[in-house]
Amino acid sequence: MIPVEEALKALFDLVAPLETEDVPLLEAHGRVLRADILANRDQPPFAASAMDGYAVADASVGQTLRVIGESSAGHGFAGTVATGEAVRIFTGAPMPEGAQRVVIQEDVTADGNRITVGDLSGTTHVRPAGADFLAGFRVAAPRKIRPADVALFAAMNAGSVRVSRRPRVALIATGDELVSPGEVPGRDQIVASNTYGLHAMLRDVGAEPRMLPIARDTHRSLDTVLGLVDDADLVITVGGASVGDHDLVVDAAGARGMERSFYKIAMRPGKPLMAGCLGVAVMIGLPGNPVSALVCGHVFVLPVVRAMLGLPAEPARRASAVLTHDLPENGMREHYMRAFRDAQGITVFERQDSALLSVLNEADALAIRPANDPPRSKGESIEYIPL
Ligand SMILES: Nc1nc2c(c(=O)[nH]1)N[C@H]1C(S)=C(S)[C@@H](COP(=O)(O)OP(=O)(O)OC[C@H]3O[C@@H](n4cnc5c(N)ncnc54)[C@H](O)[C@@H]3O)O[C@H]1N2
Ligand code: MOO
């Protein structure tokens with residue numbers, strides 16, 4: 001059994017960032033940016049009014065000014081404003097030549113083409129040219145593209161962006177006991193859940209998961225399904241990884257030429273994790289227990305997919321919170337415990353059997369106990385992975 005950290009490092013050693021492709025900006029959300037975006041113009045490209053009102057050169061309270069024209073968004077005023085004059089102006093419109101500030105319309109009394117200034121306190125209500133960004137401003141890759149990025153890239157006038165190709169992931173559930181959701185299970189059967197949860201996780205992180213047929217617990221069936229992985233970048237099997245007579249995945253993958261990197265890790269849940277290379281694909285054999293598979297999804301699969309997408313090869317993000325109760329000492333495996341957070345801190349669920357998906361469903365965090373961690377008291381801070 002190797003430590004979790006070592007296992008993750010061994011997995012990262014198998015991964016290289018995938019090729020890139022150009023996508024239209026409207027397809028960019030959720031993808032990983034792989035080429036820097038560079039602004040070729042200032043934003044705003046001209047000094048602009050931040051409010052609706054009157055652009056003036058200078059003015060004093062009580063002064064009456066003559067309105068000589070209008071500047072609206074998209075239609076600037078061609079002339080120059082001089083002392084004693086004003087230009088009607090609207091939010092986003094270019095400041096006319098000669099104008100120093102905007103008097104908002106609430107602060108003037110208008111009478112035909114004359115205005116009298118009532119108040120001049122507060123700011124000038126002018127957005128200088130380039131206040132948001134200047135030509136040459138750069139957004140550096142790699143970066144997971146969020147809605148705010150899409151808006152910024154649009155403002156920078158990027159019609160398309162270079163992103164990572166989506167990693168193709170083949171998902172294989174294994175076991176005679178499994179049927180697909182919606183089917184009628186036989187007397188000794190259950191419904192496959194793990195690959196469905198993993199499918200959703202993979203979609204979320206920006207991969208392209210593909211569900212292969214359920215492999216039965218025979219060499220032949222496993223071999224047939226492993227033969228369907230096609231051009232996958234990542235092959236994930238679930239179950240059949242442990243020591244039972246029907247746990248055949250390690251052998252079946254070995255017979256297909258899998259070069260093993262490691263098998264079995266000091267982690268709870270997740271002990272029988274296996275990893276290696278199957279042709280050009282990375283292969284991860286996840287344990288069958290539903291919570292083990294999904295916890296390993298967070299701790300190993302997602303970081304691996306992020307590295308394939310060109311993001312930094314690093315473990316799942318951690319935070320820390322204060323325990324709301326005591327915890328006994330931990331054993332020799334690093335323990336990822338389902339927990340929830342509230343204003344009081346973090347509370348670890350009583351029931352941690354790795355078959356209990358309903359408890360995972362209630363959890364919003366995986367509290368982490370290092371191997372051989374001593375007892376912890378209420379009020380102590382511990383690390384967790386947010387779910
Ligand atoms: N004698 C030992 N027995 C076990 C050990 C051990 O060290 N010595 N390890 C235990 C641990 S820890 C785990 S984790 C499990 C993992 O076993 P497998 O990876 O071989 O998984 P299976 O035996 O195939 O299944 C375990 C459990 O999960 C259910 N399962 C499997 N696939 C799915 C799926 N896609 N969706 C929902 N449920 C699934 C399966 O029906 C079993 O109930 O081994 C322990 N045993
Ligand atoms: O490691 Mo198993 O994954 O404890 O349930």
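Residues numbered from 1 in each chain as written. Chains lettered and ligands numbered in written order. Predicted model: local features only at pLDDT ≥ 70, side-chain atom pairs only at ≥ 80, totals over all residues. Heavy atoms only, no water.

- As recorded in an unreviewed UniProt entry, the chain goes by the name Molybdopterin molybdenumtransferase, listed as coming from Roseivivax halodurans JCM 10272.
- Recorded under Sequence similarities (unreviewed entry), the UniProt text for the chain is reproduced unchanged: "Belongs to the MoeA family."
- What the UniProt record of the chain gives under Pathway (unreviewed entry) is the line "Cofactor biosynthesis; molybdopterin biosynthesis." (UniProt positions renumbered as here; feature names shortened; annotations may be inferred.)

1. Description of the side chain of Thr174
Now for step 1: Within the secondary structure layout, Thr174 lies in the loop between β15 (168-173) and β16 (178-179).
Now for step 2: Among the residues examined, Thr174 registers a relative accessible area of 5% and is labelled buried.
Now for step 3: Here Val238 takes part through its backbone oxygen, which lies 2.9 Å from a polar atom of the side chain of Thr174.
Now for step 4: From its side chain, Thr174 meets the backbone oxygen of Gly239 in a polar contact 3.4 Å long.
Now for step 5: Once you skip the residues sitting within four places of it in the chain, Thr174 turns out to touch Ala215, Asp217, Leu222, Val238, Gly239, Gly240 and Val249. (Helix = DSSP H or I, 4+ residues; strand = E, 2+ residues; numbered from the N terminus. Buried < 20%, exposed > 50% of the residue type's maximum accessible area, 1.4 Å probe, protein only. Polar contact = N/O pair within 3.5 Å; in protein donor to acceptor, adjacent residues only side chain to side chain. Contact = heavy atoms within 4.5 Å.)

2. Topic: the sheet that holds strand β19 (residues 234-238)
Now for step 1: Taken together, the six strands give an open sheet; going across it, the order is β18-β15-β19-β23-β22-β20, and neighbouring strands pair in mixed fashion. At either end of the open sheet lies a strand with only one pairing partner, and these are β18 (208-211) and β20 (259-263). For this sheet the average axis-to-axis angle between neighbouring strands, irrespective of direction, equals 20°.
Now for step 2: Alignment of β15 against β18, held across four bridges, turns out to be parallel. Paired with Ala170 across the bridge in β18 is Arg210. (Pairing = 2+ DSSP bridges. Axes fitted to C-alpha atoms, helices over the stretch in contact; angles between N-to-C directions.)

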